[in-house]
Amino acid sequence: MISPQQIEEMIKAELPDAQVQVQDLTGGGDHYQVTVVSSQFAGKRLVQQHQLIYGALRQAMSTEAIHALALKTYTPEAFANNNS
């Protein structure tokens, strides 16, 4: 089991400017939805953005501490436009 705080820390270690929101979808500590806003996503396709997150969480995913992960990734501009 991995905590939402640990997931946030792992992502921020790879993307220091990231704003991260982690939601435990089942209460079991292994199915998460993660929303990440980072300027490092600029110019990258969605799959490349997700690969950055999977890279940051590689160890937790390989040990199945995270069994399922739903991702939402945004540049700061896209996030502002999406939430206005």
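The rules behind these values
- Residues numbered from 1 in each chain as written.
- Predicted model: local features only at pLDDT ≥ 70, side-chain atom pairs only at ≥ 80, totals over all residues.
- Heavy atoms only, no water.
- Pairing = 2+ DSSP bridges.
- Helix = DSSP H or I, 4+ residues; strand = E, 2+ residues; numbered from the N terminus.
- Axes fitted to C-alpha atoms, helices over the stretch in contact; angles between N-to-C directions.
- Contact = heavy atoms within 4.5 Å.
- Salt bridge = Lys/Arg side-chain N within 4 Å of Asp/Glu carboxyl O.

Chemist: How should the sheet that holds strand E1 (residues 19-24) be read in this particular structure?
Modeler: Two pairing modes exist for strands in a sheet, parallel and antiparallel, and in both the strands are linked by backbone hydrogen bonds. Pairing in this open sheet of three strands is mixed, and the strands run E1-E2-E3 from one edge to the other. Two strands in the sheet have a free side with no partner beyond their single neighbour: E1 and strand E3 (68-74). On average, each strand axis in the sheet is inclined to that of its neighbour by 15°, with strand direction left out of account. Sheet analysis places strand E2 (residues 31-37) next to E3, joined by seven bridges and oriented parallel. If you follow Tyr-32 over to E3, its bridge partner there is Leu-69. The sheet strands contacting helix H1 (residues 4-14) are E1 and E2, and the helix crosses E1 at an angle near 150°. Here helix H2 (residues 46-56) sits on the sheet and contacts E2 and E3; the angle it forms with E3, its principal contact strand, is near 125°.

Chemist: Is there a simple way to think about the side chain of Thr-75 in this case?
Modeler: In this fold, Thr-75 is placed in the loop between E3 and helix H4 (76-82). Non-local contacts of Thr-75, meaning those with residues more than four positions away in its chain, are made with Val-37, Ser-38, Phe-41 and Ala-42.

Chemist: I would appreciate a short explanation of the pattern of salt bridges in the present structure.
Modeler: It is possible for side chains bearing opposite charge to pair when their charged atoms get close. The tally for this structure, following the rule as stated, stands at one salt bridge. Of the charged contacts, one joins Glu-8 and Lys-12 as a salt bridge, the two residues approaching to 3.1 Å between their closest N and O atoms. With a gap of four residues between them, Glu-8 and Lys-12 both fall in helix H1, about one helical turn apart.

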